[in-house]
Structures are given as structure tokens and as C-alpha cells.
Amino acid sequence: MNYQWYPGHMMKAKRMMQENIKLIDLVIEIVDARIPLSSRNPDIDELGKNKSRLILLNKSDLADTAANKEWLEYFKQKGFFVLEINSKSGAGIKAIQGTVREACKEKIERDMKKGIKNRPVRAIVAGIPNVGKSTFINSYAGRACTKTGNKPGVTKGKQWIRLNKDLELLDTPGILWPKFENQDVGRKLAYIGSMNDDILQIEELAMDLLAYLVIHYKEELTERYQLTEEVNTPLQILEHICEDRKCYKKGGEIDYEKAASILLDDFRSGRLGRITLEKPDEV
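Residues numbered from 1 in each chain as written. Predicted model: local features only at pLDDT ≥ 70, side-chain atom pairs only at ≥ 80, totals over all residues. Heavy atoms only, no water.

*Asks:* What exactly am I supposed to notice about the side chain of N58 here?
*Replies:* Within the fold, N58 resides in strand β2 (residues 52-58). In terms of polar contacts, N58 uses its side chain to reach the backbone carbonyl oxygen of V131, at 2.8 Å. Ignoring any residue separated from it by four or fewer positions in sequence, one finds N58 in contact with I30, V31, D32, A33, I85, N86, S87, V131 and G132. (Helix = DSSP H or I, 4+ residues; strand = E, 2+ residues; numbered from the N terminus. Polar contact = N/O pair within 3.5 Å; in protein donor to acceptor, adjacent residues only side chain to side chain. Contact = heavy atoms within 4.5 Å.)

*Asks:* Please clarify how the sheet that holds strand β6 (residues 167-171) should be interpreted in this entry.
*Replies:* In a beta sheet, neighbouring strands are held together by backbone hydrogen bonds and run either parallel or antiparallel to one another. Ordered by their spatial adjacency, six strands build an open sheet running β3-β2-β1-β4-β6-β5, and the pairing between neighbours is mixed. Each edge of the open sheet is held by one strand with a lone partner, namely β3 (81-84) and β5 (159-164). Across the sheet, the axes of successive neighbouring strands diverge by a mean angle of 25°, strand direction being ignored. The strands touched by helix α4 (residues 95-103) within the sheet are β1 (26-32), β2, β3, β4 (121-126), β5 and β6, with β3 carrying the most contacts at an inclination of about 175°. Across the face of the sheet, helix α6 (residues 133-141) comes into contact with β1, β2, β4, β5 and β6 while running at roughly 160° to β6. (Pairing = 2+ DSSP bridges. Axes fitted to C-alpha atoms, helices over the stretch in contact; angles between N-to-C directions.)

*Asks:* Looking at this structure, how should I read the pairing of β6?
*Replies:* Burial analysis of β6 places five of its five residues in the buried class, the great majority of the element. Across the two faces of β6 the burial is the same, with L167, L169 and D171 and E168 and L170 all buried. When β4 meets β6, the two strands line up parallel, connected through five bridges. Across the sheet, residue I124 finds its bridge partner in β6, namely L170. Bridge count for β5 against β6 is five bridges, and the pairing is antiparallel. Directly across from Q159, in β6, lies its bridge partner D171. (Buried < 20%, exposed > 50% of the residue type's maximum accessible area, 1.4 Å probe, protein only.)

*Asks:* Can you help me understand the packing of helix α10 (residues 234-244) against helix α11 (residues 256-269) in this one?
*Replies:* If you want to describe how two helices pack, look at the angle between their axes and the distance between the axes. Taken N-terminus to C-terminus, the directions of α10 and α11 make an angle of 95°; their axes are 9 Å apart at the nearest point. Taken together, the axes of α10 and α11 are roughly perpendicular relative to one another. For the pair α10 and α11, contact is made by L235, L238, E239, I241 and C242 and by Y256, A259, A260, I262 and L263, respectively. Of the residues assigned to the contact of α10 with α11, the class counts are nine nonpolar, no polar and one charged. (Parallel < 35°, antiparallel > 145°, perpendicular 65-115°, else oblique. Nonpolar A, V, L, I, M, F, W, Y, C, P; charged D, E, K, R; others polar.)

*Asks:* Mind showing me how you'd approach the packing of helix α8 (residues 202-216) against α10 here?
*Replies:* In contact at an axis separation of 9 Å, α8 and α10 are set at 110° when each is read in the N-to-C sense. Judged by the angle between their axes, α8 and α10 are roughly perpendicular. As α8 packs across α10, the resulting crossing turns out to be right-handed. Residues M207, L210, A211 and V214 of α8 form the contact with α10, whose own contacting residues are P234, L235, I237 and L238. (Left-handed = near helix turned anticlockwise from the far one by under 90°.)

*Asks:* Hey, could you run me through the state of the cysteines in this one?
*Replies:* Joining two cysteines, a disulfide is a covalent bond between their sulfur atoms. Enumeration according to the criterion identifies zero disulfides in this entry. We note that C242 lacks a disulfide partner, and the nearest cysteine sulfur, in C247, lies 5.1 Å from it. Given the relative accessible area of 0%, C242 is considered buried. When its relative accessible area of 0% is taken as the criterion, C247 is described as buried. (Disulfide = S-S within 2.5 Å.)

*Asks:* Would you explain the pattern of salt bridges in this entry?
*Replies:* Where charged atoms from two side chains of opposite charge approach closely, those side chains can pair. Inspection of the entire model under this criterion finds 20 salt bridges. Here K107 makes a salt bridge to D111, at a shortest N to O gap of 2.8 Å. Residue K107 and its partner D111 are located together in helix α5 (residues 105-113), separated by four residues, close to a single helical turn. You can call D111 buried: its relative accessible area is 6%. The shortest N-O distance in the salt bridge between E168 and R162 comes to 3.5 Å. Its relative accessible area of 42% is what places R162 among the partly exposed residues. (Salt bridge = Lys/Arg side-chain N within 4 Å of Asp/Glu carboxyl O.)

*Asks:* Please clarify how the confidence of the model for the protein should be interpreted in this entry.
*Replies:* Regions with low pLDDT carry predicted coordinates that are not meant to be interpreted in detail. On average, residues of the protein carry a pLDDT of 87, and 88% of them reach 70 or more. A low-confidence stretch, residues 148-156 stays under pLDDT 50, and its non-local contacts, those more than four residues away or across chains, total 25 contacts. (pLDDT = per-residue confidence, 0-100.)

*Asks:* Could you clarify how one ought to interpret the packing of aromatic side chains in this entry?
*Replies:* Given two aromatic rings, their pairing is described by the distance between the two centres and the angle made by the two planes. By the definition in use, this model includes five aromatic pairs. Between F75 and F80, the aromatic rings sit 6.1 Å apart at their centres with planes inclined by 85°, giving edge-to-face as the arrangement. The exposure classification of F75 matches that of F80, with both residues buried. A connected cluster of aromatic rings, assembled from ring pairs, spans W71, Y74, F75 and F80. One residue, R34, lies across the ring of F267, its end atom 5.1 Å from the ring centre. Directly above the ring of W160 sits R122, whose terminal nitrogen or CZ lies 4.0 Å from the centroid. (Phe/Tyr/Trp six-rings, centres within 6.5 Å; stacked < 30°, edge-to-face > 60°. Lys NZ or Arg CZ within 6 Å of the ring centre and 35° of its normal.)

Written out as C-alpha cells, the structure is:
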């Protein structure tokens, strides 16, 4: 399966970022803690060069705890400010204000020397679809400022949000990039729901995910689906889910698509356990 998804509104969103970047002091990049590298749009590095940078490992509650620590260290060594957060529960949100001040320390000091007081830091919130940008903004602001949804493409236009006297955020639509050089990246983005499921072959996607989980998270699979020792290949596990969850079409035919959707939903929601699909030592 070829993984590509770049609808027209993403091209507009990229142009919008290019037009507004000159107004920005800080780029806050939201990534998915389960795939911190694959969920980083390489265009954002180019758009945000010469700007202060903060990476937020969102959905950290869904990711492997040990892997979260490894990724924090990885990004720090690359020169980024980085925090582990969970936008839904609010975990880690309180630490952001202090980190923003630290990241923009030079800008704030320059303003003070010029006699400019109370000018807020202007930050752009960037990231690919479905990493939780809108949920983060609402959690940080303590109020519903933006639309949220568990599918990509909810945010369609830009909006400035004044959080407090020290910080203004520019929310932007999620943007992927026109061509994935590495299809493994595209596959991981499909796993977490950053592409439209309607354009994907769900059964194939589920089989690929199971192939990884069998090697790295067999215990979580066994516990969730009550697997026996004899059930250990991706196809056997998918068929077991079909039987266990009564996934049948009319006439008693096995409904692999329905079982694949159950697996993906269990992974995306965290019901399968805390899972990370890439580690820094694999880079």
C-alpha cells in the first residue's frame, strides 16, 4: 500500500505558515509521543529556522514510559526545548509557561532593554493532523478556544488566541508533507490516525501493525485478546479477534475489515497498552 495524503487545504496551511512566520517568536511543535520522529513534519524545521523551538511530546500517556524518557533526552541533545504532556488530562501543561519564558529569554531581554513592556511572546502551534493541537490549546487556555476531533482536518483556518498577558498563540491546520520519502513513516502516521482511514486498506494496515506488536509488545496483545500460545502470527491473531468479537459478514464469512478496525481503535485509544512504535536508538 502506498501511503500518501495531501489534500488542498494543507497546501494553503503551509502558505499561511510561511506568511505568518515573520510575526512569530517561538514555534511550538506538537508531536505524537508514540512516533515522535515520524510525526514531525520536516517542512516545520525549514519554516521555523532562526526561531526559538519547543517540542511537546503529546499523548505521552499512550506511549511507552521508558521510551518517553529516551525521546526527551534525544530532542534536548538536538538543541530543542522539550516537554512530555497529555493535553486531555492536562498533565505537563503547567510546565509550559516557564519553558516558553526560558526559550524566549533573549527576546524578552531585548524588549526590556528597548523599554518595551508587557509585549506577549507570539508563538505558532504547528504539527501534523490529529496529534492534538486543538486539544492542547484548549487545555492550556483552560477554555474551549478551538474545535477538536479525533480525526484529521478539524482545524481549517488560522486563529490568534490570547492566553494571558505573556503569550499569544497562532493555531494552524495540521499539515503533512506532499511526498513521504520513507513509506515506513507514512505507515506509522496511518497507524495513529493522521491520515483519512477511508483511503487506506485497513486489513493490510492492521496486519503490519500486528507484525510489529508481536515482536515488541506480545505481552500487551496476549492480555488484551486473551491469546493462547498457538496464536502467534498476525493472521492468526486477526482471525482470533474476528472469532472473539463475532466479526462475521452475512453467510458467516469472516469480516477481516471489522476486526482490523477493532485492533486499530484499541491501539489508538490506549486500550492495548502503552506502546511506542519507534525508539531513538533506531534512528
